[in-house]
Amino acid sequence: MPVIAPVRLALVCALALPALALAGDRVGPETCKACHPAAYARWRAGPHARARESLPEKSREDRRCLSCHAPDAADGISGVSCEACHGPGELYAASYVMRDPELSHALGLVDPGEKTCGACHTESTPSLERFDAKRKMPLIEHWVDERKGR
């Protein structure tokens, strides 16, 4: 029997590797909108959807700026989209996966928090005021209405 365990492990790894290779794939905000219309509308009306356009024209193609203002630009996604904060959705976007919180998180769904915001909102970020996550998070809150069933 001990020989079967390494064979089984090798088989599991061989089957899992193609899925792991896709783990970085983005599905785009329109895919998220299908199941999360209220969250999408809130995002669309907020500053993150227009983050790239908020840059001066000369900076809209600068990789240093795009790393925060349009981190998924290489995938054709402008602004700071759902997946910039929640992780690439290729593996967790399916509705049957999203209905299972444990599975969706195991497949890459991230619940962003202050550290996630802090990756871009830093002390060196050009801004008129210091970033205060506790004050700013409610401004982009887009999940409460859906969880209440509205």
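**Some words on the overall build of the chain**
- Looking only at helices and strands, one finds 10 helices and 0 strands in the chain.
- Reading the secondary structure of the chain in the N-to-C direction produces α-α-α-α-α-α-α-α-α-α.
- When the 150 residues of the chain are sorted by exposure, 20% land in the buried category.
- Accessible area for the chain stands at about 10600 Å²; split by element, carbon and sulfur atoms hold 61% of it.

**Quick word on the environment of Arg63**
- By secondary structure assignment, the location of Arg63 is in helix H4 (residues 63-69).
- A sequence separation of 10 residues divides Arg63 from Ala73, and the C-alpha atoms of the two residues are 9.7 Å apart.

**Description of the pattern of salt bridges**
- Evaluated as defined, the whole model comprises 4 salt bridges.
- Ionic pairing is found between Asp72 and Arg26, a salt bridge with its closest N-O pair at 2.9 Å. In this pair, Asp72 is assigned in the loop between H4 and helix H5 (82-86) and Arg26 in the loop between helix H1 (4-21) and helix H2 (29-35), connecting sequence segments 46 residues apart.
- Judged by relative accessible area, which is 2%, Asp72 ranks as buried.
- Using a relative accessible area of 27% as the deciding quantity, one classes Arg26 as partly exposed.

So, how was this worked out
Residues numbered from 1 in each chain as written. Predicted model: local features only at pLDDT ≥ 70, side-chain atom pairs only at ≥ 80, totals over all residues. Heavy atoms only, no water. Helix = DSSP H or I, 4+ residues; strand = E, 2+ residues; numbered from the N terminus. Buried < 20%, exposed > 50% of the residue type's maximum accessible area, 1.4 Å probe, protein only. Areas by Shrake-Rupley, 256 points an atom, 1.4 Å probe, with all protein chains shown as cover. Salt bridge = Lys/Arg side-chain N within 4 Å of Asp/Glu carboxyl O.

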